[in-house]
Each structure stands twice: as C-alpha cells, then as structure tokens.
Amino acid sequence: MDNSQLINQVIVLFVIMAVGFYAKKKKFLNNVVDKGLSELLLNITLPFMIVTSFNIKYEAEMVSNAQKILIYSFLIHIGLIFISKMFFFKLAKNKQQVFRFITIFSNVGFMGYPVLESIYGGTGVFYAAIFNIAFNILVWTVGVMLFTGEKDFKSMMKEVTNPAIIAVIIGLILFVFSIRLPLPIETSLKLVGSTTTPISMIIVGSMLAEMKFKDAFTNISVYYAAVVRLLIVPMTVYVVLKLLKVDNLLLNICVILQAMPAAVMAPIIAEKYGGESLLASQCVFITTILSGITIPIIILFL
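Being a predicted model, the structure only gives us computed values, none of them experimental.

If a residue is not glycine, its phi is most likely negative; likewise, a peptide bond is most likely trans. Located in the positive-phi region is Lys 27, a residue other than glycine, with phi close to 65°. Here Lys 27 shows up in the loop between α1 (3-25) and α2 (31-53). By relative accessible area, Lys 27 is classed as exposed at 72%. The phi torsion at Lys 245 lies on the positive side, around 55°, for a residue other than glycine. With respect to the helices and strands, the residue Lys 245 is situated in the loop between α13 (220-243) and α14 (248-258). Here Lys 245 falls in the exposed class, since its relative accessible area comes to 75%.

Further remarks concern the side chain of Thr 287. Position of Thr 287 among the secondary structure elements: in helix α16 (residues 277-301). For Thr 287, a relative accessible area of 0% puts it in the buried group. Here the side chain of Thr 287 touches Ala 262 through a polar contact of 3.1 Å, landing on its backbone nitrogen. Among residues more than four places away in sequence, those in contact with Thr 287 are Ala 226, Arg 229, Leu 230, Pro 261 and Ala 262.

All right, on to the packing of aromatic side chains then. Taken as a whole, this structure holds 8 aromatic pairs when the rule is applied. Taking the centre distance of 6.3 Å and the plane angle of 65° together, the rings of Tyr 22 and Phe 28 count as edge-to-face. Look at Phe 28 and you get exposed, because its relative accessible area is 56%. Here the aromatic rings of Phe 88 and Phe 99 are separated by 5.5 Å at their centres, their planes lie at 50°, and the arrangement is tilted. Here Phe 88 is found in helix α3 (residues 60-88), whereas its partner Phe 99 is found in helix α4 (residues 93-104), with 11 residues between them in sequence. Across the pair, exposure class does not vary: Phe 88 and Phe 99 are buried alike.

Running from N to C, α2 and helix α9 (residues 163-176) point in directions that differ by 20°, and their axes come no closer than 8 Å. For the element pair α2 / α9, the angle class is roughly parallel. Handedness of the α2/α9 crossing: right-handed. From α2, Leu 42, Asn 43, Leu 46, Pro 47, Ile 50 and Val 51 reach across to α9, where they touch Pro 163, Ala 164, Ala 167, Val 168, Ile 170, Gly 171 and Leu 174. Of the residues that constitute the contact of α2 with α9, the class distribution is 11 nonpolar, 2 polar and no charged.

Reading guide: rules and limits
- Residues numbered from 1 in each chain as written.
- Predicted model: local features only at pLDDT ≥ 70, side-chain atom pairs only at ≥ 80, totals over all residues.
- Heavy atoms only, no water.
- Helix = DSSP H or I, 4+ residues; strand = E, 2+ residues; numbered from the N terminus.
- Buried < 20%, exposed > 50% of the residue type's maximum accessible area, 1.4 Å probe, protein only.
- Polar contact = N/O pair within 3.5 Å; in protein donor to acceptor, adjacent residues only side chain to side chain.
- Contact = heavy atoms within 4.5 Å.
- Phe/Tyr/Trp six-rings, centres within 6.5 Å; stacked < 30°, edge-to-face > 60°.
- Axes fitted to C-alpha atoms, helices over the stretch in contact; angles between N-to-C directions.
- Parallel < 35°, antiparallel > 145°, perpendicular 65-115°, else oblique.
- Left-handed = near helix turned anticlockwise from the far one by under 90°.
- Nonpolar A, V, L, I, M, F, W, Y, C, P; charged D, E, K, R; others polar.

Spelled out as structure tokens, the structure:
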C-alpha cells in the first residue's frame, strides 16, 4: 500500500468523523441518539459485517494457515492483556481501562482489512477475518470486563452470547461447509454490514464534539498510549513471532494488523459500559492521525 492510498484511507475516516462532529454541534445528534446508534451498531450492523467477512471460497490448503493465524491471534491478544497492565498500572483506573483496551484491540476492521487487501489481495482479507475471530471473542469478554470489573463466569457467558460472537459462529459454519446464502439475503447482509464503519465514526465524531478541541491534542497521556499502540505493540509482536520462527506471510499479517490505530469500538463499548468514552474517542482520533506516519514505517521495516 503506497503512502497516498494510506493517506486517503485516513482522510476518509476523518471526513466521516467530521460529519458526526458537525451533526452534534448542530444538534441533529444528542446523547440519546448516540446511544441508539451504538445499540444499532453492536446488535445489527456489526454482526452482519462479521457474517459477510466469512463469505470466502473454502480452500483446503488455506485451512492450515488459518488455524495457525487463529492461534497466533489468541496468543497476541492474551499477551497484550498482561503487557497493557505493565504499561499503565500507575494511572488512574478510568484511564487504565481505556488505555488497556486500545492497547489490546486495534482497528482491524476499517484500517486492517483495506491495508492487507492492497498488499496481499483477497488472501490478506481472508486471514484478517480469521485473525479477527479472537478479537471478536475477547473484545466482548475481556474488553467488557475492563470497564465493568465483573470477572465471574456468569457475566462472561452473558457477553459470549452477544450478537457479534453469534455472528462469528454463523460465519464459520458458512465458510467451513461452503454454504452460500440466497442472493437477496447475502446482499442485504452486505449492505447493512457496510454501514458499520460510517456509523461508528459518526458516533466517535459526535462524542468528540462534546469536548474542547484543544483537549484532543493536549492530553499527554494519550500520546503515551498512542506510542504503545502504534509502535511498541507491533514491534513486540514482530520480535516474539520471529523468535518462534513463524512463516513470514503470517508474521507480516499479524504485525501489520497490530500496527493499526485504536479500535473504533473503544468509545462505543466505553459508552455502553460506563467507561470514559470521551477519552476513548481522543485515543481513536490521535492514534488514527499518527498511524498515517507509523503504518508506512512498520510496512517498510517488514
């Protein structure tokens, strides 16, 4: 992916964010609408997008690599749970929650997929979808627990049965058994699912409209978290996978996906579960800007 393509991808993100920012300032959006949009995204559009990401032709030779990258994804995310605690343990609890979340979970969906597609084509998207399985499972268990503090098995099972996880299971069944949905259903899922990114960025823009603009750039701790997310995490993943002698293709895909900015789900989940959604929005904003510089550096390094 050349720099112009990457810059264009980042610009698209900010244009959509700006729409949400403008809508909130003009009072087309308010906190009630934001919450409604978040529920729509989490319960309908995101699950639809997940199901359609598995709409890939089954090929036996790809299954072995798919199994490996799924294992790597779980190991990376679980490792980051502990690493994130080391980096932010001195901060206030509300900051810890947000910064640990964005360290563990990157923006695989909107940024990761198109970046990998531009480098590896459809194969890159397929592996990104498999890698994203661990993301979808852990974001609704570990990610939610970061904000709620609930660690009991009952609470975890409640989150595991949310629509996003059910969508992963359905998607896997469709992929493994090469089931093609009727065209009207497939098209409907794809169209509704494709609204996930714009809705999420509109929500983030709307949240940003509630703070003073200078606050987005003057919170030093956000820059610290951004360095961890954009540079330390991908380089740590690179070193560990290199020591494990992981195949270069799978290593590169894992590192590139971990070089993405903070997941746009961060402020949405923070809002839903009583976390600092404004701080999470700042993190998405700053890491997305800086990723226009750091992603090309990581790719050139690889």
